[in-house]
Amino acid sequence: MTSYQLRDTTTRRLLASDLADYAAAETAADRLDDELERGLAANGEGAGHIRLRLDVERVTDGVTEAVGHHILLLGVDDPIGPLPER
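Residues numbered from 1 in each chain as written. Predicted model: local features only at pLDDT ≥ 70, side-chain atom pairs only at ≥ 80, totals over all residues. Heavy atoms only, no water.

Trainee: Tell me about helix α1 (residues 22–42), and please be specific about residues and values.
Mentor: One turn of an α-helix holds 3.6 residues; hence residues three or four places apart share an orientation. Across its 21 residues, α1 extends 30 Å between first and last C-alpha, which sits within 8% of the 30 Å expected from 1.5 Å per residue. Turning to α1, its buried residues are Ala 25, Ala 28, Ala 29, Leu 32, Asp 33 and Leu 40. Burial along α1 is one-sided: seen end-on, the buried residues are contained in an arc of 145°. Across from the buried face of α1, at angles greater than 90 degrees, the exposed residues are Arg 38, Ala 41 and Ala 42. Buried residues belonging to α1 abut β1 (2–8), β2 (14–19), β3 (50–60) and β4 (63–74). (Helix = DSSP H or I, 4+ residues; strand = E, 2+ residues; numbered from the N terminus. Expected span 1.5 Å × (residues − 1). Buried < 20%, exposed > 50% of the residue type's maximum accessible area, 1.4 Å probe, protein only. Arc of directions from axis to C-beta. Contact = heavy atoms within 4.5 Å.)

Below you can see the structure in the form of structure tokens.
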């Protein structure tokens, strides 16, 4: 049976496991981003433009392979509306 997981690229720490598919891994990355932002805000800390690199890994019969990457940017507000003109 195949599952997916998220791992911190730098520390190699496993952050989420037993995810059903790649889409579930993307959802887990979004949830992790939200949790980190809330945790920082609750402690009165700003994210200061933190970049967290994650590997998306597929696990099949105990064999793990990297199948994608995500970069979470904390402390960067998503723009609302059209991009500014140059």
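Trainee: A description of the nonpolar core should follow, citing residues and the corresponding values.
Mentor: Core analysis: the biggest nonpolar cluster contains twelve residues, these being Tyr 4, Leu 6, Ala 16, Leu 19, Ala 25, Ala 28, Ala 29, Leu 32, Leu 52, Leu 54, Val 56 and Leu 72. Looking at this core, the elements that each hand over two or more residues are β1, β2, α1 and β3. Of all the elements, α1 adds the most residues to this core, at four residues. Residues within four places of Leu 32 in sequence aside, it is in contact with Leu 15, Leu 52, Leu 54 and Leu 72. (Core = buried A, V, L, I, M, F, W, Y, C linked by side-chain atoms within 4.5 Å.)

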